[in-house]
Amino acid sequence: MPQEPLFPRLFLHEDVSPIPLLKAPNGIGMPDSDLPVRIGDFRATFDGPDLTPSIEWGDSWTTWKGAVEESFRTEFLRVLEYARPLAARARVAARDTPDAPGADVTFEQPRIASSREGASRAGGHRLRSALADAVRASGRQPSPFGSQVTDLEHWSAIVDALFSRLPPASDEVLAVTYDFLPVLAEWLRVDAVASSGGRHLIRADLGLPAEADAYRGAAALLPSAVRNTLARLAGSRSEGQDRLAAQRGVTRAVSALQDDFPRGAGRVELGVVFAEHPSGPGFIVPAVGLRVPPPRDGHPLRLTDGTVVHLPAPPWTMGWSWDPRGGGKKPRRGWRRRSG
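Here we come to the sheet that holds strand E1 (residues 7-13). With mixed pairing, seven strands are arranged side by side in an open sheet as E5-E4-E1-E6-E9-E8-E7. Every other strand in the sheet has two partners, leaving strand E5 (105-108) and strand E7 (201-208) as the edge strands with one partner each. Along the sheet, successive strands turn relative to each other by an average axial angle of 25°, direction set aside. The sheet contact formed by strand E8 (residues 268-276) and strand E9 (residues 283-291) spans seven bridges and is antiparallel. Residue alanine 275 lies in a different strand from E9, and its bridge partner there is isoleucine 284.

See below:
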């Protein structure tokens, strides 16, 4: 008998969810071409008298555009496999998707939100600051017009459109990257103040093993653990308790859940948001945050000589050139990007 999932339905939208994007942070992707492509770390300077760019490569590899897309599809499906055990059905809105891996996952093209369609609930300095930080940290395109300056009106419209459909308005729970969890919490507070004057929120930061079978086993234990936490939260906020005692009860309930699913290096991070029901007793889970560790062996990429290398960064996010002179399986020496 299959295990009961944590949620009936989960929604992942490319703008805020942990699924990867097949476009560079500046929104410029590789055009269609059958030419070999050189990818890797490079930097361009414009210090010549005629401002001719000078490109200096660090580590680089020679591959094909199709191989880069294949690597992307592999990573897309890998991340999706961590989301699937959390829900009976998942809906994914993304422009670049692989083939649907099963009947429990559906894909669709996202509707592009625009601040010109109506006023957003921008919500003051705290929300706008959290939103700007999240966009920068997540690597999403800051502006639909190509600028590296974050278009906060555009992003406010996006989060308004997505967060307005959170439970209880819908039974579809939203999955966001960890970078967007502070935005979600602040948005819910702003929404509560605008509608009812207040709403208690608390988040449980959990850790699950990254290995596939162990992850599915741990995810199967989540439904009963979260239901128990919801019951404890409701009891801690019952009538007759003073505010301090209620707060202690809420903290103890969430701490107990975190103790059962401890975080750690190399583990999948799952942030479960508990929010007071806006129009009834008890708490609900409107959204979760998900952070998946990178592949243990790196991102696979097939090179033009047929070999496969495993790169420390996603190849579709690296610099590229259609003139891969001197590239190849082994990295050329030069400068290289430092991690951290």
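With respect to topology, three strands assemble into an open sheet ordered E3-E2-E12, the strand pairing being antiparallel. Two strands bound the open sheet, and with one partner strand each, they are strand E3 (54-63) and strand E12 (319-321). Ignoring which end each strand starts from, the neighbouring axes of this sheet average 40° apart. By the bridge criterion, eight bridges tie strand E2 (residues 37-45) to E3 in an arrangement that is antiparallel. Bridge pairing in E3 links arginine 38 to threonine 62.

Turning our attention to the side chain of serine 143. Checked against the element boundaries, serine 143 lands in the loop between helix H2 (125-138) and helix H3 (152-163). Taking the relative accessible area as the measure of exposure, serine 143 reaches 4% and is therefore buried. Residues in contact with serine 143, not counting those within four places in the same chain, are Val149 and Asp151.

Before going further, it helps to spend a moment on the packing of H2 against H3. A pair of packed helices can be characterised by two numbers: the angle between their axes and the separation between those axes. Contact geometry for H2 and H3: axes closest at 10 Å, N-to-C directions at 95°. One element, H2, and the other, H3, form an angle in the roughly perpendicular class. Taking contact as the criterion, the partners of Arg128, Leu131, Ala132 and Val135 in H2 are, on H3, Leu152, Glu153, Trp155, Ser156 and Val159. Class assignment for the residues of the contact of H2 with H3 results in six nonpolar, one polar and two charged.

This part is about the packing of H3 against helix H4 (residues 181-195). Axis separation between H3 and H4 bottoms out at 11 Å; the angle between their running directions is 70°. Classified by the angle their axes make, H3 and H4 are roughly perpendicular. Mapping the contact onto sequence places Val159, Asp160 and Phe163 in H3 and Val183, Leu184 and Trp187 in H4. Considering only residue class, the contact of H3 with H4 consists of five nonpolar, no polar and one charged.

The subject of this paragraph is the pairing of strand E11 (residues 308-311). Alternating residues of E11 divide into Val309 and Leu311, all buried, and Val308 and His310, none buried. Across four bridges, the pairing between strand E10 (residues 299-302) and E11 is antiparallel. In the strand pairing of E11, proline 300 is matched with histidine 310. Once E10 ends, the chain turns through five residues before running back antiparallel as E11, passing glycine 306 with a positive phi of about 95°.

Within the largest apolar cluster, 57 residues are counted, with the highest numbers of intra-cluster contacts made by Leu10, Leu206, Leu208, Leu222, Leu270 and Phe274. When residues in this core are grouped by element, the largest group, eight residues, is from helix H1 (residues 65-83). Filtering out sequence-adjacent residues up to four positions away, leucine 206 remains in contact with Tyr178, Leu222, Leu257, Gln258, Phe261, Arg263, Val268, Glu269, Leu270 and Val272.

This part takes up the pattern of salt bridges. Per the counting criterion, the structure on display carries 18 salt bridges. With a shortest N-O distance of 3.0 Å, glutamate 186 and arginine 126 are connected by a salt bridge. Of this pair, glutamate 186 sits in helix H4 while arginine 126 is found in helix H2, placing the two residues 60 residues apart along the sequence. With its nearest N and O atoms 3.1 Å apart, the salt bridge here joins glutamate 153 to arginine 128. Highlighted residues: glutamate 153 in helix H3 and arginine 128 in helix H2, separated in sequence by 25 residues. Arginine 128 sits in the partly exposed class, given a relative accessible area of 26%. Because the salt bridges share partners, they merge into one network encompassing Asp179, Arg263, Glu269 and Arg291.

Basis of the calculations
Residues numbered from 1 in each chain as written. Predicted model: local features only at pLDDT ≥ 70, side-chain atom pairs only at ≥ 80, totals over all residues. Heavy atoms only, no water. Pairing = 2+ DSSP bridges. Helix = DSSP H or I, 4+ residues; strand = E, 2+ residues; numbered from the N terminus. Axes fitted to C-alpha atoms, helices over the stretch in contact; angles between N-to-C directions. Buried < 20%, exposed > 50% of the residue type's maximum accessible area, 1.4 Å probe, protein only. Contact = heavy atoms within 4.5 Å. Parallel < 35°, antiparallel > 145°, perpendicular 65-115°, else oblique. Nonpolar A, V, L, I, M, F, W, Y, C, P; charged D, E, K, R; others polar. Core = buried A, V, L, I, M, F, W, Y, C linked by side-chain atoms within 4.5 Å. Salt bridge = Lys/Arg side-chain N within 4 Å of Asp/Glu carboxyl O.

Functional significance is not addressed by these values, which are geometric in nature.
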